[in-house]
Amino acid sequence: MTGFDEKLRQVSRFPLLAKAIDIFQMNVGKRCNLQCRHCHVQATPAHRELMSAETFSACAKIIENNSFSTVDITGGAPEMNPHLDEFLQGIARKGRRTIVRSNLVILVEKSYRKFIDIYEKNGIEIIASLPDPRREKTDRQRGDGFFQSFIDIVHELNLRGYGREGSGLVLNLVHNPVGAYLPASQPALESEYRRRMSAEQQAFFNHLFCITNMPIGRFLTYLNQSGNLTEYWQTLENAFNPGTVENLMCRNTISIDWTGALFDCDFNQVLELPVNHGLPAHVSGFDLDSLQQRLIRTGDHCYGCTAGLGSSCQGELAASE
Amino acid sequence: MADYYEKKDLVDFPLIVEDAKEAGEKFFAYYSQATSAGLLSEREKTLIALAVAATQHCPYCIDAYTNKCLSLGISRQEMMEAVHTGAAMQAGVTLAHATQMRKICTQKEM
């Protein structure tokens, strides 16, 4: 296998540098009500790692002092962090585009139902992962009963205007393959999701993002145990698309972990590869000038973002042919 | 030569252009257009390609198009229906030739 940096050299794209910081992504904790088979964070209900009020406050200050277009909140299940509510209301008052990556099914639970109101009231954009529009495939990855609970919450969100044109309330879905293969083109899958969700579930959403499963965390364990690891790596490398490099997510994002440490992306968090810009890699020493022209820390896992039409938290990176 | 039909052979397929550039490039341009969404969707064309791959016994194409079906969210049951369509066509093509046999028999037998 050719190393990722060598591959970048071959297409004259090495070294990989940040271009700006447009997205401020916060992973607010590893605790989750689910234990999905593909989760790169390997989140569980037992995890104790949650972002503190002090770190939230430090993040809020950085956001206020900078003009990032988007605040992107992920986890674990972000709702399981007790400080999320207050943080969202503070950010919303500043009018900053704010995304929460929710598994939605947590909103079925009584103690978390309040977030439906919080999201609606503050115009929070919701991104929710639904691996497949068919019950059996999704439940295979996410656990029995997930699909129905997910659809129940989508129905509630639709009633509030989420996923409906003109409401201003955005519900985007995420597709990731249920197995050791790459996602197809986003328009093709979005069309299929829309057809099935509308006809079979009377459920509606705005857009679908396709995300390639990264060979780390629980998905790596699955690849190993199922004998797919070597072929999956080969598939990722063979599908390397130089056209994705320009728009790689790490080039316009800074990723914060629950302790306030800074990373190039959520995957580097899991691999414990903090930013390499020569300054303190923590929100306490946040330095925009250095960070927005930093050298990105790459590894072979980066093939996951450059395969095919590319993959990011916002879906595909390169235009379909 | 270690084995025929090795999986890694598929990676070499685009490189056939090296030995006949113009024809190779024209083939791949045609192949790309013919298998991309047009009046038929990408899903429909991919299922057709899978059925043809199975009927033509091409392990490379079966591999490529099974993976593409999975990527497109096509279920195993839908793939199997497509392969049955191909199998039925092959059986039908075989049996339709029995009409030639019947015609000759009718002509020749007293």
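What you are looking at is a predicted structure, and each value in this text was computed from that prediction instead of being measured.

### Re the interface of chain A and chain B
At step 1: Facing 16 residues of chain A, the contacting portion of chain B comprises 13 residues.
At step 2: Taken over both partners, the interface formed by chain A and chain B buries close to 1000 Å², and the fraction arising from carbon and sulfur atoms is 47%.
At step 3: Connecting chain A to chain B are 4 salt bridges.
At step 4: In this structure, Glu-231 of chain A and Lys-7 of chain B form a salt bridge, with 3.1 Å as the shortest nitrogen-oxygen distance.

### Quick notes on the packing of helix α4 (residues 114-121) of chain A against helix α6 (residues 146-160) of chain A
All names here are of chain A.
At step 1: Orientation of α4 relative to α6, taken along the N-to-C sense of each, is 35°, at an axis distance of 11 Å. The handedness of the crossing between α4 and α6 comes out as right-handed. In this structure, α4 uses Ile-116, Asp-117 and Glu-120 to contact α6, whose residues at the interface are Ile-153, Glu-156, Leu-157 and Arg-160.
At step 2: In the contact of α4 with α6, the residues fall into 3 nonpolar, no polar and 4 charged.

### Examining the packing of aromatic side chains
Residue and element names in this part refer to chain B.
At step 1: Enumeration according to the criterion identifies 16 aromatic pairs over all chains in this entry.
At step 2: Look at Phe-13 and Phe-27: their rings are 6.3 Å apart centre to centre, the planes differ by 65°, and that puts the pair in the edge-to-face class. Here Phe-27 lies in helix α2 (residues 21-35) and Phe-13 lies in the loop between α1 (9-12) and α2, a separation of 14 residues in the sequence.
At step 3: Exposure remark for Phe-13: the relative accessible area of 33% places this residue in the partly exposed category.

### Here we look at the environment of Arg-142 of chain A
Residues and elements named next belong to chain A.
At step 1: Counting through the fold element by element, Arg-142 comes out in helix α5 (residues 135-142).
At step 2: Judged by its relative accessible area of 10%, Arg-142 is buried.
At step 3: Here Ser-129 takes part through its side chain, which lies 2.9 Å from a polar atom of the side chain of Arg-142.

### Considerations on unusual backbone geometry
All names here are of chain A.
At step 1: Of note, the amide linkage connecting Phe-14 to Pro-15 takes the cis form, showing an omega dihedral of 0°.
At step 2: Note that Pro-15 resides in the loop between α1 (4-10) and β1 (23-27).
At step 3: Of the consecutive residues Gly-75 and Gly-76, the connecting peptide bond is found in the cis state with omega at 25°.
At step 4: Along the chain, Gly-76 turns up in the loop between β2 (70-74) and α3 (84-93).
At step 5: Residue Gln-42 is not a glycine yet carries a positive backbone phi of 55°.
At step 6: Within the fold, Gln-42 resides in the loop between β1 and α2 (53-65).
At step 7: Positive phi is not limited to glycine here, since Gln-202 has a value of about 50°.
At step 8: Secondary-structure assignment places Gln-202 in the loop between α7 (186-201) and β6 (208-210).
At step 9: A residue is classified by how much of its surface remains accessible, and Gln-202, at 48% relative accessible area, is partly exposed.

### Observations concerning the nonpolar core
All names here are of chain A.
At step 1: Phe-24, Met-26, Tyr-119, Phe-150 and Leu-173 are the most contacted members of the largest nonpolar core, which totals 74 residues.
At step 2: It is α6 that contributes the most residues to this core, 7 residues altogether.
At step 3: Setting aside chain neighbours within four positions, we find Met-26 in contact with Met-51, Phe-56, Cys-59, Ile-63, Val-71, Asp-72, Ile-73, Thr-74, Phe-87 and Ile-256.

### A closer look at the domain arrangement of chain B
All names here are of chain B.
At step 1: According to the domain assignment, chain B consists of domain 1 (11-40) and domain 2 (41-110).
At step 2: The gap between the C-alpha centroids of domain 1 and domain 2 is 23 Å.
At step 3: Facing the 9 residues of domain 1 at the interface are 7 residues of domain 2.
At step 4: A buried area of about 570 Å², summed over both sides, lies between domain 1 and domain 2, and 53% of it is on carbon and sulfur atoms.
At step 5: On the surface where domain 1 and domain 2 come into contact, there are 0 salt bridges.
At step 6: Applying the counting rule to domain 1 against domain 2 returns 3 residue pairs in polar contact (both at pLDDT 80 or more).
At step 7: Taken together, the residues of the side of domain 1 that touches domain 2 break down into 5 nonpolar, 4 polar and no charged.

Conventions and cut-offs
Within any chain, residue numbers begin from 1 and follow the written order of that chain's sequence. The naming scheme follows written order: chains are lettered A onward, ligands numbered 1 onward. Selection of residues for local features in this predicted model requires a pLDDT of at least 70, selection of side-chain atom pairs for listing and counting requires 80 or more, and totals for whole chains, interfaces and linings are taken over all residues. As a rule here, side-chain values cover all heavy atoms of the structure and leave hydrogens and water aside. We call two residues contacting when some pair of their heavy atoms lies within 4.5 Å. Accessible area that two parts lose when put together, evaluated with a 1.4 Å probe and summed over both, is termed the buried area. In what follows, salt bridge is the name for a side-chain nitrogen of Lys or Arg lying within 4 Å of a carboxyl oxygen of Asp or Glu. Axis geometry follows a simple rule: fit a line to the C-alpha atoms, using only the stretch in contact for helices, then measure angles between N-to-C directions, giving values from 0 to 180 degrees. The helix count covers DSSP runs of H or I at least four residues long, the strand count covers runs of E at least two residues long, and both are numbered beginning at the N terminus. Two helices cross in a left-handed way if the nearer one is turned anticlockwise from the farther one by less than a right angle. They cross in a right-handed way if the turn is clockwise. Polar here means any residue other than Ala, Val, Leu, Ile, Met, Phe, Trp, Tyr, Cys and Pro, which are nonpolar, and Asp, Glu, Lys and Arg, which are charged; Gly is therefore polar. Only Phe, Tyr and Trp rings take part, Trp by its six-membered ring, and two of them pair if their centres are within 6.5 Å. Stacked means planes under 30 degrees apart, edge-to-face means over 60, and tilted covers everything else. Type-normalised accessible area, obtained with a 1.4 Å probe on protein chains alone, sets the label of each residue: buried when under 20%, exposed when over 50%, and partly exposed for intermediate values. What qualifies as a polar contact is a pair of N or O atoms within 3.5 Å, subject to a donor-acceptor requirement within protein and to the restriction that residues adjacent in sequence count only when both atoms come from side chains. As used in this record, nonpolar core signifies buried Ala, Val, Leu, Ile, Met, Phe, Trp, Tyr and Cys residues forming a set joined through side-chain atoms within 4.5 Å. Segmentation of the chain into domains, including their bounds, is taken from an automatic or database domain assignment.

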